[in-house]
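Chain by chain, the residues:
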Amino acid sequence: NPYIQQFSSALQSGDADKVGRLLDLRLYYTGGASAFPNEAALRGKSPDSLASACSRVQYPYNDILAAHLQAAISIMAGPALFAEAYSHQSRAINTFIGEFQSDTNWSLPILYQLILDLRIAAQRADDAAVAHGRKAELLEDAARILNKCFQLTFSDRASLDESKKWGTLKVICGLFKIYFRLNNLRLCKNLIKTVENQNFIPLEEFPSTQIVTYRFYTGRLAMFDGRIKEAGQHLHYAFTRCPASALNNKKHILMYLIPISLQNGQFPRPSLLHKYHLTQFINLVHAIKIGDLRAFNEAMEQHQEFFIQRGLYLMLEKLKTMAYRNLFKRVCLLLGVTKVPIA
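Figured I'd write up the structure that's included with this text. Because the structure is a prediction, the values reported are computed rather than measured.

## A few points about the overall build of the protein
And step 1. Within the protein one finds 20 helices and zero strands.
And step 2. Projected onto its principal axes, the C-alpha positions of the protein cover 90 × 45 × 35 Å.
And step 3. Within the span of the protein, comprising 343 residues, buried residues form 48% of the whole.
And step 4. Restricting the contact set of the protein to residue pairs at least 6 apart, pairs at least 24 apart contribute 61%.
And step 5. When the accessible area of the protein is evaluated, it comes to approximately 18000 Å², of which 50% is carbon and sulfur surface.
And step 6. Distance from the positive charge centre (40 side chains) to the negative charge centre (28 side chains) of the protein: 9 Å.

Below, the structure written as structure tokens:
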């Protein structure tokens, strides 16, 4: 099998980036697995036949690859088997962890791909479970496995060049995504303490993509805790450092930066909101700016579900005070006085 040969060659040459790419499960969800073993070659394969096909790959990556292919088969079968796909993926990453404990940091890109696919598999399986009236519980299990990865990377005592500590921030970002989805934000604070520990690698030495993700989630956490100035600093950093080509990521950051900017009296231009497809804010921003309370209420009602789902509704509702202030300011300017008679 050319795919298995590619995988084995990448492994033998120590090309962890390529090994990680070959373990990417995301394309199977969209039916775009043409770059992998084709669907016809996978369907109907038994665990024994997959294990046999992968047997020429060095141990324990033969077991990791077999589990990966079984997960792919389950994904292609549809949502009914997404939980099974998660089970195979968790087996793959647990097998990897056993090897990773005694390995150097060369395999970090493989770890990154495995934890990404584990989180996505858990989310997909939980969504499918909820759709069928069952309890969603696999994301919590994924968090447990990622915590194991966190302990392995953070506690590594190898020299800095070979240290697995370089993988800690990536794992933390993965845990942030799970905890926010589970609405268990208090667990994020322990992770932040790890990064702020003086014995931890300075944040600025990590890849910029990881720093942007970390600052985005710490900004959101500060926002929900009411630390508005700190939240603005984190989110502004994340937005300005996020690559211009990553439009969807910049949109997601801007979505949370807008309410903070509004609180500071900074009104985003309509062109910016159009660029990032955040038109839900256009009428709301205009209503606050001119003090139009009716338009404010209408905009909040029209996009209520959008704002609630993203945890923004209550913060935006507080901006009604600013709309009142701007209304009074307009009235005072029109009347030319600073005191308006009640009667």
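Alright, that's what it looks like, and here's the rest.
## Here we look at the packing of aromatic side chains
And step 1. This structure, assessed with the given rule, holds 18 aromatic pairs.
And step 2. Measuring from ring centre to ring centre gives 6.2 Å for F154 and F200, while their planes differ by 40°; the resulting arrangement is tilted. In this pair, F154 is assigned in helix 9 (residues 138-154) and F200 in the loop between helix 11 (186-196) and helix 12 (208-224), connecting sequence segments 46 residues apart.
And step 3. For F154, a relative accessible area of 25% gives the class partly exposed.

## Observations concerning helix 1 (residues 2-12)
And step 1. For helix 1, the complete set of buried residues consists of Y3, I4, F7, S8, A10 and L11. Looking straight down helix 1, one finds that the buried residues subtend no more than 165° of arc, so they occupy a single side. In helix 1, the exposed positions that point more than 90 degrees away from the buried face belong to P2, Q5 and Q12.
And step 2. For helix 1, the secondary structure elements touched by its buried residues are helix 2 (16-22), helix 5 (47-53) and helix 6 (61-76).
And step 3. Positive phi shows up at G14, right after helix 1, with a value of about 75°.

## Re the side chain of R215
And step 1. The residue R215 is located in helix 12 in this model.
And step 2. In this structure, R215 is buried with no salt-bridge partner, the nearest side chain bearing the opposite charge being E204 at 7.9 Å.
And step 3. Among residues more than four places away in sequence, those in contact with R215 are L203, Q233, H234, Y237 and A238.

## Observations regarding the environment of K189
And step 1. Turning to its location among the elements, K189 is positioned in helix 11.
And step 2. For K189, a relative accessible area of 39% puts it in the partly exposed group.
And step 3. Spatially, the C-alpha atom of K189 lies 8.6 Å from that of L221, the residues being 32 residues apart in sequence.
And step 4. Ignoring anything within four residues of it in the chain, the contact list for K189 reads L221 and D225.

## Focus: the pattern of salt bridges
And step 1. Per the stated rule, a full pass over the model turns up seven salt bridges.
And step 2. Across the salt bridge formed by R144 and D141, the nearest N and O atoms sit 2.9 Å from each other. Of this pair, R144 and D141 both sit in helix 9, three residues apart, roughly one helical turn.
And step 3. Classification of R144 as partly exposed rests on a relative accessible area of 45%.
And step 4. Judged by relative accessible area, which is 23%, D141 ranks as partly exposed.
And step 5. The salt bridge partner of E317 is K320, with a shortest N-O separation of 3.6 Å.
And step 6. On the basis of relative accessible area, K320 is assigned to the partly exposed category, the value being 23%.

## With respect to a nonpolar patch on the surface
And step 1. Taken together, L334, L335 and V337 make up a surface patch of nonpolar side chains, about 310 Å² in accessible area.
And step 2. With respect to the helices, strands and loops of the structure, L334 is situated in helix 20 (residues 320-335).

## A few points about the packing of helix 13 (residues 228-241) against helix 14 (residues 247-263)
Between two packed helices, both the angle of their axes relative to each other and the distance between the axes serve to describe the pair.
And step 1. At a minimum axis separation of 9 Å, helix 13 and helix 14 run at an interaxial angle of 145°. For the element pair helix 13 and helix 14, the recorded crossing hand is left-handed. Contacts from I228, A231, G232, L235, H236, A238 and F239 in helix 13 reach K250, I253, L254, Y256, L257, I260 and Q263 in helix 14.
And step 2. Of the residues in the contact of helix 13 with helix 14, the class split is 10 nonpolar, three polar and one charged.

## Structural notes on unusual backbone geometry
And step 1. With an omega dihedral of 0°, the bond running from Y59 to P60 counts as a cis peptide bond.
And step 2. Along the polypeptide, P60 turns up in the loop between helix 5 and helix 6.
And step 3. Positive phi, normally seen in glycine, also occurs at N183, with a value near 60°.
And step 4. Residue position: N183 is located in the loop between helix 10 (168-182) and helix 11.
And step 5. Of note in the backbone geometry, H277 takes a positive phi value of approximately 55° without being a glycine.

## What about the environment of N94?
And step 1. In this fold, N94 is placed in helix 7 (residues 82-100).
And step 2. For the pair formed by N94 and A238, sequence separation is 144 residues and the distance between their alpha carbons is 32 Å.
And step 3. For N94, the side chain forms a polar contact with the side chain of K148, separated by 3.4 Å.

Calculation notes
The residue numbers shown here count from 1 along each chain, following its written sequence. Reporting of local features is limited, given that this is a predicted model, to residues whose pLDDT is at least 70; pairs of side-chain atoms are given and counted only at 80 or more, and all residues count toward the totals for whole chains, interfaces and linings. Where side-chain values are given, they derive from all heavy atoms of the structure, hydrogens and water being excluded. Put simply, DSSP marks the helices as runs of H or I at least four residues long and the strands as runs of E at least two long, and each gets a number from the N terminus on. Burial classes: relative accessible area under 20% of the type maximum marks a residue as buried, over 50% as exposed, and values in between as partly exposed (1.4 Å probe, protein chains only). Pairs of residues are marked as contacts when any of their non-hydrogen atoms sit within 4.5 Å. Accessibility throughout is a Shrake-Rupley quantity obtained with a 1.4 Å probe, and a residue counts as covered only by protein chains that appear here. When charges are counted, neither His nor the chain ends are considered; positive counts come from Lys and Arg and negative counts from Asp and Glu. Lys charges are placed at NZ, Arg charges at CZ, Asp charges at CG and Glu charges at CD. Stacked, edge-to-face and tilted are the three classes for Phe, Tyr and Trp ring pairs, Trp counted by its six-membered ring, which pair at centre distances within 6.5 Å; planes under 30 degrees apart are stacked, over 60 edge-to-face, the rest tilted. The directions considered for the arc are those from the helix axis to the C-beta atoms. Here, a salt bridge means any side-chain nitrogen of Lys or Arg that lies within 4 Å of a carboxyl oxygen of Asp or Glu. Candidate patch residues must exceed 30% relative accessible area and have no salt bridge, after which like charges are joined if within 9 Å and Val, Leu, Ile, Met, Phe, Trp or Tyr side chains if within 5 Å. Angles run from 0 to 180 degrees between N-to-C directions of axes, and those axes are lines fitted to C-alpha atoms, restricted for helices to the stretch in contact. With the far helix as reference, a near helix turned anticlockwise by less than a right angle produces a left-handed crossing, and one turned clockwise produces a right-handed crossing. Following the grouping adopted for this structure description, the nonpolar residues are Ala, Val, Leu, Ile, Met, Phe, Trp, Tyr, Cys and Pro, the charged ones are Asp, Glu, Lys and Arg, and the polar ones are all others, Gly among them. Polar contacts here mean pairs of N or O atoms no more than 3.5 Å apart (in protein, one a potential hydrogen donor and the other a potential acceptor; neighbouring residues in sequence count only if both atoms are side-chain atoms).

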